[in-house]
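Coordinate analysis (summary)
In case you want the letters, here they are:
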Amino acid sequence: MKVSVIPNRVKDKDLRTTHAVIERLKMFATITVNEALQNIIEAHAYVPEDALFLGQDLALILGGDGTLLTAARQAAPYGVPVLGINLGNVGFLAGVEKDAFFSGDTEELLSALRIEERMMLTASVFRDGRKIVTYSALNDVVLRNVSASSLIHLKVQADDHLIANYTADGIIVATPTGSTAYSFAAGGPAVHPGMEAILVTPICPHMLHARPIVLPGKSTVEIELIDNPKQQIYLTADGTDNLPLLPGDTISIFRAVHTAKIASLHNHMFFEVLRQKLHQ
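The structure displayed is predicted, hence computed values, not measured ones.

A word on the environment of M207. Note on placement: M207 falls in the loop between strand 13 (197-203) and strand 14 (213-216). With 42 residues separating them along the chain, M207 and N165 place their C-alpha atoms 9.9 Å apart. Ignoring any residue separated from it by four or fewer positions in sequence, one finds M207 in contact with N165, Y166 and T167.

What follows is the structure, encoded as structure tokens:
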């Protein structure tokens, strides 16, 4: 078995947990890590960051949801499952908690992995009719005004049909996986991650009729900015990238070609995890 181990240097500062994980893996797996850790972590192979998923059977991620989101996006084109060991707080995407990982036989646990395929989004930004950048997201694509003192105006369509002209702080376009993240905090529904759907959730809309909308997974959402050029509006994909947008920019968001493979060591159903993570 070939396993890439990807630690979060903030949540595991001294890499003590990472070392303990590798110690358990090395008896039955070939371990690959980022070459930047060559003098810090003992492994079988050291490769550049962009080669961590090449030819691997599993990527083991130590950190929180942010670390796993980044790894899942990078691993998706290679078809490599990612297993998160939760070192964060909420950890919706984590396949196992830290204590649970160390409580049993590691080889036996990994042999019982459950793998779920999760739809992802592709977001392409067009300026003056030309595509300037494309992002992928497992959770969500967000357009938001960085200033809390003014609203932004957005024309939102699905498959060339107008949904609404929103006046709001911004808008979230999320996958079912991302439905329990920012979209949920903004009043969107919790959607089972096994579904194929796209959620459109306005952020603090200044409109009586604005509500979250759930679209088929095959839909294409188009968002056009119709705002004052003095406003600072940014696009983020899974909380990263932070691309500044200009009036007239159009963002096309649709289901990505690749899916993310999320591995889990437990048999918890979605709603059980939801209750646990939200401390019901």
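This part takes up the sheet that holds strand 13. What the six strands build is an open sheet, ordered 14-13-12-9-16-17; its pairing is antiparallel. With one partner strand each, in any of the chains shown, strand 14 and strand 17 (240-245) form the two edges of the open sheet. Neighbour to neighbour, the strand axes of the sheet diverge by 20° on average, direction disregarded. Direction of pairing for strand 13 relative to strand 14: antiparallel, over a ladder of four bridges. In the strand pairing of strand 14, V200 is matched with I213.

Empty space within the second largest pocket amounts to approximately 250 Å³. Along the wall of the second largest pocket there are 14 residues; nearest its centre are I6, P7, N8, E49 and T67. The set of elements that each furnish at least two residues to the lining of the second largest pocket consists of strand 1 (2-7) and helix 2 (65-75). Broken down by element, the lining of the second largest pocket gets its largest block of residues, four residues, from helix 2. Of the residues in the lining of the second largest pocket, the class split is seven nonpolar, five polar and two charged.

Pairing geometry for strand 7 (residues 114-127) and strand 8 (residues 130-137), over seven bridges, is antiparallel. Following the sheet pairing, V125 is matched in strand 8 by V133. Where strand 7 folds back on strand 8, the antiparallel hairpin that results is connected by two residues, among which D128 adopts a positive phi of roughly 55°.

Further remarks concern the pairing of strand 5 (residues 82-86). The buried fraction of strand 5 amounts to five of the five residues, a majority that puts the element mostly inside the structure. Residues V82, G84 and N86 of strand 5 are buried on one face, and the alternating residues L83 and I85, pointing to the opposite face, are buried as well. By the bridge criterion, two bridges tie strand 5 to strand 18 (residues 250-264) in an arrangement that is parallel. By the bridge assignment for strand 18, L83 is matched with A263.

Cut-offs used in this document
- Residues numbered from 1 in each chain as written.
- Predicted model: local features only at pLDDT ≥ 70, side-chain atom pairs only at ≥ 80, totals over all residues.
- Heavy atoms only, no water.
- Helix = DSSP H or I, 4+ residues; strand = E, 2+ residues; numbered from the N terminus.
- Contact = heavy atoms within 4.5 Å.
- Pairing = 2+ DSSP bridges.
- Axes fitted to C-alpha atoms, helices over the stretch in contact; angles between N-to-C directions.
- 1 Å grid on protein atoms, 1.4 Å probe; cavity = no way out; pocket = protein on both sides within 12 Å on 5 of 7 lines; lining within 4 Å.
- Points joined across faces, edges and corners; volume = space filled by probe spheres on them.
- Nonpolar A, V, L, I, M, F, W, Y, C, P; charged D, E, K, R; others polar.
- Buried < 20%, exposed > 50% of the residue type's maximum accessible area, 1.4 Å probe, protein only.

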